[in-house]
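One letter stands for each residue in the lines below.
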Amino acid sequence: MSWIENRFEEGLIVTSLDWAINWGRSNAIWPMTFGLACCAIEMMAVGASRFDIDRFGAGAFRATPRQSDLMIVAGTVTYKMASRVKRLYHQMPEPKYVIAMGACTIGGGPYFKHGYHVVKGVDLVVPVDVYVPGCPPRPEALLEGLMRLQDKIRGQSIAKDRWRDVKEEAFASA
Amino acid sequence: MADTVLESRPDLNLDVVRDEIGDVRTEEMLVNMGPQHPSTHGVLRIVLRTDGEMVLEAVPHIGYLHRCAEKIGENVAPYQYIPYTDRMDYLAGMNNNLAFSLAIEALTGLEVPKRAQVIRVIFAEMNRIASHLVSMGAYGLDMGAFTPFLYAFRERERILDLFEASCGARLTYSYITIGGVTDDVPERFIDVCREYLDYFEPKIAEYNNLLSFNHIFVKRTANVGIISAEKAINWGLSGPSLRGSGVKWDLRKVHPDCGYDEYDFDIPVGQGLKGQLGDCWDRYFVRIQEMQQSVRIVRQALDKLAGTPGEYKHKSGKSVKLPKDEIYYEIEGARGQLGFFIQGDGSQIPYRVKARGPSYCNLSITNEVVKDCLLADVPAIIGSIDVVMGEVDR
Amino acid sequence: MTIEGIANLLKEKFPDAGIEARLESRHPHVIVKPEHWLTVAEFLRNDPQLKFDWLRCITGVDYIEDKQLAAIYDFHSTQRPAQSDGLWSARGELSVKVLAPRDNPMVPSVCHLWGAADWHERETYDLVGINFQNHPDSVDDLNGRHPRRILCPDDWQGHPLQKDYEFPLEYHGIPAVTEFGQTRPLHG
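The structure displayed is predicted, hence computed values, not measured ones.

Right, let's get into helix α5 (residues 139-154) of chain A. Residue and element names in this part refer to chain A. Between the first and last C-alpha of α5 there are 23 Å, a value that for 16 residues agrees with the 22 Å anticipated at 1.5 Å per step. Those residues of α5 not exposed but buried are Pro139, Leu142, Leu143, Gly145, Leu146, Leu149, Gln150 and Ile153. Around the axis of α5, the buried residues are gathered within 155° of arc, so they sit on the same side. If you follow the buried residues of α5, they end up packed against α1 (15-26), α2 (38-47), β1 (70-74), β2 (97-101) and β3 (130-132).

Below, the discussion takes up the pattern of salt bridges. Residue and element names in this part refer to chain B. Evaluated as defined, the whole model comprises 53 salt bridges over all chains. Ionic pairing is found between Glu201 and Arg299, a salt bridge with its closest N-O pair at 2.5 Å. Of this pair, Glu201 sits in helix α8 (residues 189-212) while Arg299 is found in helix α13 (residues 280-306), placing the two residues 98 residues apart along the sequence. Look at Glu201 and you get partly exposed, because its relative accessible area is 24%. Classification of Arg299 as partly exposed rests on a relative accessible area of 25%. Where Lys304 meets Glu262, a salt bridge forms, and the shortest distance between an N and an O atom there is 2.2 Å. One end of the pair, Lys304, is in helix α13; the other, Glu262, is in the loop between α12 (251-254) and α13, and 42 residues separate them in sequence. Take Lys304: its relative accessible area is 24%, and that puts it in the partly exposed class. Glu262 gets classed as partly exposed once you look at its relative accessible area, which sits at 42%. Each of Glu125, Arg128, Arg243, Asp250, Arg252, Glu290 and Glu332 takes part in one network of salt bridges that share partners.

In this assembly, 20 residues from chain A lie in contact with 21 residues from chain C. Summed over both partners, the interface of chain A with chain C comes to about 1700 Å²; 70% of that surface belongs to carbon and sulfur atoms. Taken together, the connections running from chain A to chain C amount to zero salt bridges. Where the side of chain A that touches chain C is concerned, the elements lending two or more residues are α3 (79-91) and α4 (103-107) of chain A. In terms of residue count, α3(A) provides more of the side of chain A that touches chain C than any other element does, three residues in total. The class makeup of the residues in the side of chain A that touches chain C is twelve nonpolar, four polar and four charged.

With that out of the way, let us pick up the interface of chain C and chain B. Listed by partner, the interface residues are 50 residues for chain C and 47 residues for chain B. With both chains or domains summed, chain C and chain B bury close to 4000 Å², and 57% of this area falls on carbon and sulfur atoms. Among the residues of chain C in contact with chain B, C:Arg26, C:Trp54 and C:Trp119 are the three that bury the most area, contributing 21% of the side total. Where chain C meets chain B, there are six salt bridges. Notably, a salt bridge pairs C:Arg56 with B:Glu330, separated by 3.1 Å at the nearest N-O pair. Applying the counting rule to chain C against chain B returns 24 residue pairs in polar contact (both at pLDDT 80 or more). At the level of secondary structure, the elements contributing two or more residues to the side of chain C that touches chain B comprise β3 (54-63), β4 (68-79), β5 (89-101) and α3 (117-128) of chain C. Sort the elements by how many residues they give to the side of chain C that touches chain B and β3(C) lands first, with ten residues.

Residues and elements named next belong to chain B. The buried fraction of strand β6 (residues 326-332) amounts to seven of the seven residues, a majority that puts the element mostly inside the structure. Neither face of β6 is open: one carries Glu326, Tyr328, Glu330 and Glu332, the other Ile327, Tyr329 and Ile331, and all of them are buried. Relative to strand β7 (residues 337-343), β6 runs antiparallel, the two sharing seven bridges. From the neighbouring strand, Tyr328 faces β7, where its bridge partner is Phe341.

Residue and element names in this part refer to chain A. The three strands are arranged β1-β2-β3 in an open sheet whose pairing can be described as parallel. Each of the sheet's edge strands pairs with one partner strand only, and the pair in question is β1 and β3. Between one strand and the next, the sheet's axes are offset by a mean angle of 20°, whatever the strand orientation. Where β1 lies against β2, five bridges are found, and the strand directions are parallel. Its bridge partner being in β2, Leu70 is matched across the sheet by Tyr97. Packed on one face of the sheet, α2 meets β1 and β2 and runs near 130° to β1.

It is worth spelling out the environment of C:Ser77 at this point. Residues and elements named next belong to chain C. Its location among the elements puts Ser77 in strand β4. For Ser77 and Ser89, which are twelve residues apart along the polypeptide, the C-alpha to C-alpha distance reads 8.6 Å. There is a polar contact of 3.0 Å between the side chain of Ser77 and the backbone oxygen of Lys51.

So, about the sheet that holds β6(B). All names here are of chain B. With antiparallel pairing, three strands are arranged side by side in an open sheet as β6-β7-β8. The strands lining the two open edges of the sheet, one partner per strand, are β6 and β8 (352-356). Sheet twist, expressed as the average angle between the axes of neighbouring strands with direction ignored, equals 10°. In this fold helix α5 (residues 93-108) packs onto β6, β7 and β8, with an angle of close to 145° to the strand it touches most, β6.

So, on to the state of the cysteines. A disulfide bridge is the covalent bond that connects two cysteines by way of their sulfur atoms. Summed over all chains, the structure comprises zero disulfides over all chains. Distance from the sulfur of C:Cys57, which forms no disulfide, to the nearest cysteine sulfur (B:Cys361) is 7.0 Å. For C:Cys57, a relative accessible area of 0% corresponds to the buried category.

All names here are of chain B. Counted according to the given criterion, the structure contains 38 aromatic pairs over all chains. Ring centres 5.9 Å apart and planes at 25° place the aromatic pair Tyr81 and Tyr84 in the stacked group. Of this pair, Tyr81 and Tyr84 both sit in helix α4 (residues 78-86), three residues apart, which is roughly one turn of the helix. Take Tyr81 and Tyr84: they sit in the same class, and that class is buried. Pairing Tyr196 with Tyr199 gives two aromatic rings, centres 6.0 Å apart and planes at 45°, and the pair type is tilted.

Moving on, we get to unusual backbone geometry. Note that the residue after A:Glu94, namely A:Pro95, is joined by a cis bond; omega there is -10°. Topologically, A:Pro95 is positioned in the loop between α3 and β2. Between A:Cys135 and A:Pro136 the backbone carries a cis peptide bond, its omega angle lying at -10°. Within the secondary structure layout, A:Pro136 lies in the loop between β3 and α5. Phi angles above zero are rare outside glycine, and B:Cys258 is one such case at about 60°. Residue classification places B:Cys258 among the buried residues on the basis of a relative accessible area of 8%. Phi is positive for C:Lys51, which is not a glycine, with a value near 50°.

About the cut-offs
- Residues numbered from 1 in each chain as written.
- Chains lettered and ligands numbered in written order.
- Predicted model: local features only at pLDDT ≥ 70, side-chain atom pairs only at ≥ 80, totals over all residues.
- Heavy atoms only, no water.
- Helix = DSSP H or I, 4+ residues; strand = E, 2+ residues; numbered from the N terminus.
- Expected span 1.5 Å × (residues − 1).
- Buried < 20%, exposed > 50% of the residue type's maximum accessible area, 1.4 Å probe, protein only.
- Arc of directions from axis to C-beta.
- Contact = heavy atoms within 4.5 Å.
- Salt bridge = Lys/Arg side-chain N within 4 Å of Asp/Glu carboxyl O.
- Buried area = accessible area lost by both parts, 1.4 Å probe.
- Nonpolar A, V, L, I, M, F, W, Y, C, P; charged D, E, K, R; others polar.
- Polar contact = N/O pair within 3.5 Å; in protein donor to acceptor, adjacent residues only side chain to side chain.
- Pairing = 2+ DSSP bridges.
- Axes fitted to C-alpha atoms, helices over the stretch in contact; angles between N-to-C directions.
- Disulfide = S-S within 2.5 Å.
- Phe/Tyr/Trp six-rings, centres within 6.5 Å; stacked < 30°, edge-to-face > 60°.

Quick look at the structure:
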């Protein structure tokens, strides 16, 4: 949506347009099929019969990052995997969101102390929007995380973001 | 391809041969499959050298989920290590708990109460069913059938409900622990579990109608990825992957622990029903038949549980002291022989813990099997081996 | 054949291989010197009486106090069924411990005898640092010729399961300091 985003000066009233765009975005989040470890099984359970993530419009699991809006990092990220996670994140089109699912992705979890090969939190590799704690989180917890992400999307605006340059610079240097 | 044909027939005129078989030789190409690929069951990466549609070589790259479990084992007491075993094979946590507990018990000579043994058998077998259900559903997904996945998870959720009622966790149970189990089974467990088995058993026929004997599924899996018995043993395969090749070997029969010798059950093996012996379909069908056998075992164990009152746990399981000795202990897990090597040094913390994940050994045969297959058969072969990367990389 | 019998047979066949049997252990095993391991392995694999055809596991252990690294091999010997039920049985079990000095841990590879040894040896090199000579999947680098790493990345330093291993402080720009305050996110 770069053709419309950041084109309007601050203060220009775009609320109805915002509402319409955000309504569409928040109710059609396509996650990427990206399972790393144990949490991926709970992520599969969320997509399966009982919990049915389709109820929230997020059931279209895409096999490629180029078609997805949401990366659910489900499982332990290791040093060997970290560069791949980063690459997959960069392959996703904007706007993109990341849910860190489970203790390992939040901060290393049970592997924090002795895990010489475990990244101590996926937020060292890619920026994270929503953290879902648990080891592994229950499917309900992931659904809750999805709803919080939808809340976040509803708060977005296409008006000019005054912090955009600062953010991009910080991300480029990271 | 064309080259090999030409070499074998030097008498032929090149141009005639080209006309006969068509000029099919193409440039060799490296195809990178994974670590993010929907049908590699996690973070497996395979680099395939292909000639057109043929795979000439497949080099698996693993370690994308190497979580240092063995290092952790050297730093925590056995009782604290139980949760890490859950996270190795996260589809069959109970079996992993059981293997580690049995290894520690064998090393320290801890006696397990009779009731705990029966409970262990029930949960290990129920977890085997749950694990095979995921395996079946995911294999269906690999082959392009989405529906079996939904059916499999419907049944699996009810098993997880039973586990949750007993230990509070859906996936990482830590229920079977050193010296027994952490808690007795809840009230009415026997009735609810029996009710579930009555519900589940007819479903197996449903899966067979839906997937096993589905014509498309059979065409995709039969006569693909054939592993002979000798090859399987040479590469250290175990579990359904070994039995799919017709080897009737099961540690529950060979070295019965937990009182498995008191139960009456069969060992299903591959018979080459749909194609050659040891193909993908055989390995798949062994799992379906094993679910049936697990139901049989659980039924007997439930009867036994009702007549076995008493303790469910040995009191000193939490603070075992390991002797200055070592042990290597294997059980039949859901995916094959799951072994733990433990070296004690006289303290409460092991000197060395090594896990032999069955998926690790089963996966090592990949190149042997995938070689000279079609590219589209690779997911079929990987899926039929049924790997869990948490256990491969540990 | 019992492990005692196997140990005696090996002692008889290979008098200078330094074969010792530890039978009192809960994991009864036979100790072999690394320079004789290849011939002993071939004997174990091919002898019609023994025929250990199934390599179950290779474990590497770092005995830092003895200045030794051990590669522990666990074998099964399978027997084709004689009974009508078709159940395969075990002809025997055996564990072999190959002790190599810690400063030069060279052990011959047995990949040509057991396919399963391939990945186990690579893992044992990767995590414990035992260098298996003539491994089919070897690479040359600053550390000499050794099996390719399998679990850790190819540019990983050190062997994590050695007892004196020091954890890395960072890997390719990702901090790995295990102090809670220092590993917090860099992004907004």
